[in-house]
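# Analysis of the macromolecular model
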Amino acid sequence: MSQLILSNARVFTGVTELEESAVVVEEGKITEVCSRRRLEQKELSRETRCIDLEGALVAPGFVDTHIHGFGGFGVEDCDPQAILGMSRALVRTGVTSFCPTLYPQEESRFFGGIHAVVDALGKEEGAEILGLHLEGPFISPEKAGVQRPEYMRAVDIPLMERFIEAARGHIVNMTVAPELKNMRNLALFCARQGIVLQAGHSNATYDNMVEGMESGIIHATHFFNAMRPLHHRDPGVVGAILIHPDISCEIIADGYHLHPAIIKLLVQEKPSSRIVLVTDALTPTGQTRGIANGEEVELSPEGVFKRSSDGVIAGSALTMDRGVRNLVSYGIPLAEALHMASTNPAEIMGLGKRKGTLLPGSDADLVVLDADLSVKATLVKGRCRYSRIPLLEVS
């Protein structure tokens, strides 16, 4: 049995932080995390490869549960090769697993995107595809953002059944507007299917949100963005998320979608374990211009994409590694930032026993970071998929 040991590392396991330690990997799994002293006592076989990381940080690989595209590859291409292109490219940013995310669009293309993701499953040469995130179509035209209101739908459970059938059960999470009629029935139906529902693109009142929580909608999409704001007579979606500590939420930590002070406020008001870093990245992320949701966009000086036609913000150009660096620069402790990027999304999406931690039995999904938190290497299920470390070759 071949064995890989990443030694002389600062290891963040998702539970604790260990200095001068090693991570032992066998057959795609973490088998042990141990101190240097214990490693020196081990009898290693000839097949064991031991890589000295010279004090670099090893952490659970990043889990991006809301991403539309990357590097010119997008879910909207309705092509399995585009999804696989995202997989190959994302490892450069420390991502080891992700949920390709679909916009509301005409039905044929929406189903085309679903089929593309399903057809790509199991063929990845980079980050693992966890399953789909459907950002709609059961969302509110009143909070459309740049999404196309004409493709938003009233709650339709038979249509939802068709989505599930097309996805062959691989829908992980779905953004919905809790205030829509018959949403309770949809929420209870999705709960039976193991789909995590998250409030977003919503004009829900506070009472609507409480009703949604009662039916299991206890996660939220890109907090503060495209949702009813806080008001002293109606706390709305934002107020409900702040008031109720068990509601978890996504944040886009690019310095534009959320002011750094708002993230500090959120961390003061909500347990950091309920906060999930996402990119919500568009197809041309990593490029200066391209097509997103059928429209030409270009990268603005603020680091977000805006529509070329009118300068309206079109979406994010964030990457997960940059999001972690941003959070730390805002004063968020490194351990909490890493939790937000890996441990928290894995736990909230029900993957906590195999993703988001570096503990015996978990998948060997890990990222190696240098002193400035840039990515030195990314391993997915024990296979090196990106490396700037000479002795750790890509396989």
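Our subject is the structure listed above.
Residues numbered from 1 in each chain as written. Predicted model: local features only at pLDDT ≥ 70, side-chain atom pairs only at ≥ 80, totals over all residues. Heavy atoms only, no water.

## Regarding the overall build of the protein
Using the following cut-off: Segments assigned H or I by DSSP are reported as helices when at least four residues long, segments assigned E as strands when at least two residues long, and all are numbered from the N terminus. Our radius of gyration is a C-alpha quantity, and the globule rule it is checked against amounts to 2.2 Å times the number of residues to the power 0.38. Note on exposure labels: buried denotes an accessible area under 20% of the residue type's maximum, exposed denotes more than 50%, and partly exposed covers the range between, all computed with a 1.4 Å probe on protein chains only. In what follows, a contact means two residues having at least one pair of non-hydrogen atoms within 4.5 Å. The Shrake-Rupley method, run with a 1.4 Å probe, gives the accessible areas here. Residue values count only the displayed protein chains as cover. His is not counted, nor are the chain ends, whereas Lys and Arg count as positive and Asp and Glu as negative. Taken as the charge centre is NZ of Lys, CZ of Arg, CG of Asp or CD of Glu, depending on the residue.
If you tally the helices and strands in the protein, you get ten helices and 23 strands. A globule of 395 residues ought to have a C-alpha radius of gyration of about 21 Å, and the protein, at 21 Å, matches this closely. Expressed as lengths along the three principal axes of its C-alpha atoms, the size of the protein is roughly 65 × 45 × 45 Å. Here the protein, with 395 residues, has 58% of them falling under the buried criterion. Long-range contacts, defined here as pairs at least 24 residues apart, represent 67% of the contacts in the protein between residues at least 6 apart. For the protein, the computed accessible surface area is about 15900 Å², with 48% contributed by carbon and sulfur atoms. Computing the positive centroid from 38 side-chain charges and the negative centroid from 50, the protein places the two 2 Å apart.

## A few points about helix α4 (residues 157–167)
Short version of the rule: To be clear, the arc concerns the directions from the helix axis to the C-beta atoms. In protein, a polar contact requires one atom able to donate a hydrogen and another able to accept it; more generally it is a pair of N or O atoms within 3.5 Å, and residues adjacent in sequence count only if both atoms are side-chain atoms.
By the burial criterion, the buried members of α4 are Leu159, Met160, Phe163, Ile164, Ala166 and Ala167. Burial along α4 is one-sided: seen end-on, the buried residues are contained in an arc of 165°. More than 90 degrees from the buried face of α4, the exposed residues found are Pro158 and Glu165. On its buried face, α4 is in contact with α3 (107–120), β11 (132–135), β12 (171–176) and α5 (183–193). Looking at where α4 begins, the residue whose side-chain oxygen comes 3.0 Å from the main-chain nitrogen of Leu159 is Asp156. Positive phi appears at Arg168, one or two residues downstream of α4, with a value of about 50°.

## Points about the packing of helix α9 (residues 320–329) against helix α10 (residues 334–348)
Threshold: Only the stretch in contact is used when fitting a helix axis, every axis being a line fitted to C-alpha atoms; angles between N-to-C directions are given from 0 to 180 degrees. Our angle categories are set so that under 35 degrees counts as roughly parallel, over 145 as roughly antiparallel, 65 to 115 as roughly perpendicular, and the remainder as oblique. What makes a crossing left-handed is the near helix being turned counterclockwise from the far one by less than a right angle; a clockwise turn instead makes it right-handed. Under the convention adopted here, Pro, Cys and the residues Ala, Val, Leu, Ile, Met, Phe, Trp and Tyr are nonpolar, Asp, Glu, Lys and Arg are charged, and Gly plus all remaining residues are polar.
Relative to each other, α9 and α10 sit at 150°, their axes nearing to 9 Å. Comparing the axis directions of α9 and α10 gives the class roughly antiparallel. Here α9 runs over α10; the crossing is right-handed. Touching Met320, Val324, Leu327 and Val328 of α9 are Leu334, Ala337, Leu338, Met340 and Ala341, all from α10. A breakdown of the residues in the contact of α9 with α10 according to their chemical character gives nine nonpolar, no polar and no charged.

## Considerations on the pattern of salt bridges
Rules: Each salt bridge in this description consists of a side-chain nitrogen of Lys or Arg and a carboxyl oxygen of Asp or Glu lying within 4 Å of one another.
Following the criterion strictly, the structure yields 24 salt bridges and no others. Between Glu128 and Arg354 there is a salt bridge whose closest N-O contact spans 3.9 Å. One end of the pair, Glu128, is in strand β10 (residues 128–129); the other, Arg354, is in the loop between α10 and β21 (366–369), with 226 residues separating them in the sequence. A residue is classified by how much of its surface remains accessible, and Arg354, at 32% relative accessible area, is partly exposed.

## Digging into α10
Rules: Working rule for helices: expected span equals 1.5 Å times residues minus one. For a residue, the bend is simply the angle between two axes, fitted respectively to the seven-residue segment ending there and the seven-residue segment starting there.
Spanning 15 residues, α10 covers 20 Å between terminal C-alpha atoms, matching the ideal 21 Å at 1.5 Å per step. Residue Met340 marks the point of greatest curvature in α10, where the axis turns by about 50°. Buried within α10 we find Leu334, Ala337, Leu338, Met340, Ala341, Ser342, Thr343, Asn344, Pro345, Ala346 and Ile348. Phi turns positive, to about 80°, at Gly350, one or two residues after α10.

## A short note on the sheet that holds strand β20 (residues 313–316)
Quick note on the threshold: Two strands qualify as a pair provided that DSSP identifies no fewer than 2 bridges between them.
Strand order in the open sheet formed by four strands is β17-β18-β19-β20, and the pairing between neighbours is antiparallel. Only two strands of the sheet have a single partner each, and these edge strands are β17 (289–292) and β20. Each adjacent strand pair in this sheet contributes to an overall mean axis angle of 35°, direction not counted. Sheet topology note: the strand β18 (residues 295–299)/strand β19 (residues 304–307) ladder contains three bridges and is antiparallel. Paired with Leu299 across the bridge in β19 is Phe305.

## Regarding the pairing of strand β13 (residues 196–199)
Let me state the cut-off plainly: Consider the strands pointing away from the viewer: the crossover is right-handed when the path from the first strand over the helix to the second runs clockwise.
Across the two faces of β13 the burial is the same, with Val196 and Gln198 and Leu197 and Ala199 all buried. Bridge analysis of β12 against β13 gives four bridges, and the strand direction is parallel. Looking across to β13, one finds that Asn173 is bridged to Val196. Handedness of the crossover joining β12 and β13 through α5: right-handed. For the segment spanning β13, helix α6 (residues 206–214) and strand β14 (residues 219–220), crossover handedness is right-handed.

## Re the pairing of β12
β12 sits mainly inside the fold: six of its six residues count as buried. In the sheet, β11 pairs with β12 via four bridges, with the strands oriented parallel. Paired with Glu135 across the bridge in β12 is Thr175. Viewed along the sheet, the connection from β11 through α4 into β12 turns out right-handed.

## Regarding the packing of α3 against α4
Closest axis-to-axis distance for the α3/α4 pair is 8 Å, and the angle between their directions is 30°. Residues Glu107, Phe110, Phe111, Ile114, His115 and Val118 of α3 form the contact with α4, whose participating residues are Leu159, Arg162, Phe163, Ala166 and Ala167. Within the contact of α3 with α4, the residues separate by chemical class into eight nonpolar, one polar and two charged.

## Digging into the nonpolar core
Under the convention used in this document: Here, nonpolar core refers to any group of buried Ala, Val, Leu, Ile, Met, Phe, Trp, Tyr and Cys residues whose side-chain atoms link them within 4.5 Å.
In terms of nonpolar packing, the biggest core is built from 100 residues, with Ile114, Met160, Phe163 and Leu327 touching the most fellow members. The residues touching Phe163, leaving out its near neighbours within four places in the chain, are Phe110, Phe111, Ile114, Leu134, Pro137, Phe138 and Ile171. Ranked by size, the runner-up nonpolar core spans 20 residues in total, among them Ile30, Ile51, Leu358 and Leu379.

## Here's the deal with the environment of Leu6
Along the chain, Leu6 turns up in strand β1 (residues 3–12). Along the chain, Leu6 and Ala22 lie 16 residues apart, while their C-alpha atoms are 5.4 Å from each other. Excluding anything up to four places from it in sequence, Leu6 contacts Ser21, Ala22, Val23, Ile51, Leu53, Leu366 and Leu379.

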